[in-house]
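# Results of the structural survey
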2 protein chains.
Amino acid sequence: MATIHDVALKAGVSVTTVSRVLNNRGYISETTRGKVYGAMSELNYQPNELARSLLRKQSNLLGLIIPDVSHPFFAKLAERIEYYADQEGYKILLCNSQMNPAKERDYIDMLKRSRVDGIIMGSHTLDIGEYRNLHSRLVTFDRKIGEDIPYLSSDNYRGGKLATELLLSKGCRKIAHICGNLELDMLSQRRTDAFLDAVRKAGVEYLIVQTEMNGLDEARYRGLLQSLLEAHPDIDGIFATSDVIAAYALKECIRTGRSVPEDVRIVGYDDVSAARWATPELTTIRQPIDGFGREAVRLLRMQIEGRPVSNQNELAVELVERGTT
Amino acid sequence: MATIHDVALKAGVSVTTVSRVLNNRGYISETTRGKVYGAMSELNYQPNELARSLLRKQSNLLGLIIPDVSHPFFAKLAERIEYYADQEGYKILLCNSQMNPAKERDYIDMLKRSRVDGIIMGSHTLDIGEYRNLHSRLVTFDRKIGEDIPYLSSDNYRGGKLATELLLSKGCRKIAHICGNLELDMLSQRRTDAFLDAVRKAGVEYLIVQTEMNGLDEARYRGLLQSLLEAHPDIDGIFATSDVIAAYALKECIRTGRSVPEDVRIVGYDDVSAARWATPELTTIRQPIDGFGREAVRLLRMQIEGRPVSNQNELAVELVERGTT
DNA sequence: TCCTTTATGTCAAACGTTTGACATGTCAAA
DNA sequence: TTTGACATGTCAAACGTTTGACATAAAGGA
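Each value, and the rule that gives it
Residues numbered from 1 in each chain as written. Chains lettered and ligands numbered in written order. Predicted model: local features only at pLDDT ≥ 70, side-chain atom pairs only at ≥ 80, totals over all residues. Least-squares fit on C-alpha atoms with pLDDT ≥ 70 in both. Contact = placed C-beta atoms within 7 Å. Pairing = 2+ DSSP bridges. Helix = DSSP H or I, 4+ residues; strand = E, 2+ residues; numbered from the N terminus. Nonpolar A, V, L, I, M, F, W, Y, C, P; charged D, E, K, R; others polar. Near = placed C-beta within 6 Å.

An unreviewed UniProt entry annotates chain A as LacI family DNA-binding transcriptional regulator of Paenibacillus haidiansis.

Dropping the structure here:
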């Protein structure tokens, strides 16, 4: 690979001059600029960002740690984050923690060694303390780890409330709520809180089912839904904490001869595009994934630039009513 | 951030000694090793990979360019690639080209500036020539760029043949094939070749529909399927080039009162997990996504290590029969 | 006693770039 | 004629690490 020295040699100028052209500093005549650009394209020169980063103490790298990029929600989130990162000149290092604490720790160390300018934590399997003394610029998703660490989430309580009240308003009398692992202390628990408040207030029967400890194992969803509907054949409403789970719920209803939404009404969460692949299409709570991506990058950029950021960032959710209610 | 000098100071040894501990070279006594490790953990030291990479001329970074990580196929592919990359000590820089040639070019330049050790090209919107004089280590997906550039694909012809013959064997007499943009010169065209061979040999009616130029726009799929089934109400078989398209086909059939598989049989492609969310579950051609990931990383590693690699790498596909046939 | 092995140190160069300090021009305006 | 803006150059240090050359010294065996 050509270096700045090669460019200088070929253009017949000094290295300093090339650097000045490259960084738009100092006085440069148009003719010199032309010669330099000419030499650069002739040599196919690409400045070595490793050397630049080393000197500038800034890599323009952002680390993204999520449970699994093949989960539709995180896939879309990753796509949006990468989109905005690219717009602002950042690059994304992708890490799938698989909800494995050891892997998560290793990834964090790797990102530190790589001198990323910031980390977006979409996976949280470690204790709050470990994140606290990380001393990296952080943005977290759906988890509050400290007063000084900005988090990003949506209005989970409102989402839970909208979903549950929709089911209630449609006349559901026995509603099941399928949520993630409540021990992980995520803000998405507010959905469950809202669910509980609503069903108790309405005085209807309800159930809460937690999915696996280690997250997103789809194989389990089927069995879980099957035994749920077997044990409680009179369930007439399901509020699932993701569209993927809702899709499995829908499947299981159809398989067992229940019609949706007549016999059972279903509300999902996220509004990933898969929600529209189902028949009937899933009613769901739309998470502002694009907004998440934009804000995550912005919050990191602000920190990198040493500007103050707000630590609590809750975006709005929206009920999207489709065919399953 | 602590440097190797700080560690040396705290441990009371020389920088060289610390480096020797870090890289396991030369003689080191156990006591010294202990002191060094102690100092490192006390200072929370993480060696600066930028500096290392600069010196070693090896970044352990791999670039991954795909159209869109939120598409289920590429999401899974990205996850698998990242998994194997991590196992072999590589990190993944994620790039979504959105099938935009300008973006793709920019990403390639960015990756070169970042001195990635190799690039995995899952998006191909540029002319072959541009990839040729790239002079980076490459692995491409589903596109042959040159004799000296390894590509990775599955047995597309066999996939197309399996899918079409299944439909024929079930008695379909008018089969539509929905494929990607045939002008892009991808190896996935072999699926279409196989389809044509099979339907012609069987002497049944057939149609070929290309999706949009700019790839994966789901909004279009619905309209496309709708007009297809309206214009040809007697279609009794559909072979779609992705499960996402197949899911939309299934939806449209159900919406228009056709029963699947009785009236229309559908075969998808990829076998992403979404294929099992549909009801009935999609019959599909399974692509070896895990194998793709493993091989992509291996092919790059071999090149990086200067070892010879085979340039043609075709993995096997498999017919997965489920509910839509 | 001498040689080897083990253990550690010093020193300097290298990776590719940026940046500041400073020198040396040319050219035009005051 | 002087001044200042413009244009370019030289030189060296810095970023954090690795590595080779070389020195030193203790411990152990022959």
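Before going further, it helps to examine the relation of the copies chain B and chain A. For these two chains of identical sequence, chain B goes onto chain A by a turn of 180° and a shift of 0.0 Å along the axis, with RMSD 0.0 Å. In symmetry terms, the pair is related by a two-fold rotation axis. Relative to the rotation axis, the closest C-alpha in chain B is found at L93 of chain B, a distance of 2.4 Å. Of the interface residues in chain B, 97% have counterparts in chain A that sit at the interface too, so the contact is made through matching surfaces.

The next point concerns the pairing of strand 10 (residues 283-286) of chain A. Residues and elements named next belong to chain A. Bridge analysis of strand 9 (residues 265-270) against strand 10 gives four bridges, and the strand direction is parallel. For G268, the partnering residue across the bridge sits in strand 10 and is T284. When strand 10 meets strand 12 (residues 318-320), the two strands line up antiparallel, connected through three bridges. Counterpart to R286 in the pairing with strand 12 is E318.

This brings us to the interface of chain B and chain A. Between chain B and chain A, the residue contacts involve 39 residues of the former and 38 residues of the latter. The set of elements that each furnish at least two residues to the side of chain B that touches chain A consists of helix 4 (49-56), helix 5 (72-87), strand 2 (91-96), helix 6 (101-113) and helix 11 (243-255) of chain B. A total of six residues in the side of chain B that touches chain A trace back to one element, the largest contributor, which is helix 5 of chain B. Residues of the side of chain B that touches chain A, tallied by class, amount to 18 nonpolar, nine polar and twelve charged.

Around DNA strand C sit 26 residues in total, of which I4, N48 and A51 of chain A together with T17 and T32 of chain B are the nearest. At the level of elements, helix 2 (15-23) and helix 4 (49-56) of chain A together with helix 2 (15-23), helix 3 (30-43) and helix 4 of chain B are the ones that each hand at least two residues to the surface near DNA strand C. With five residues, helix 2 of chain A is the largest single contributor of residues to the surface near DNA strand C. Of the residues in the surface near DNA strand C, the class split is twelve nonpolar, twelve polar and two charged.

Moving on: the protein's contact with DNA strand D. In the vicinity of DNA strand D lie 26 residues, with S14 and T17 of chain A together with T3, I4 and A51 of chain B positioned nearest. At the level of secondary structure, the elements contributing two or more residues to the surface near DNA strand D comprise helix 2, helix 3 (30-43) and helix 4 of chain A together with helix 2 and helix 4 of chain B. Among the elements that make up the surface near DNA strand D, the one with the highest residue count is helix 2 of chain B (five residues). Taken together, the residues of the surface near DNA strand D break down into twelve nonpolar, twelve polar and two charged.

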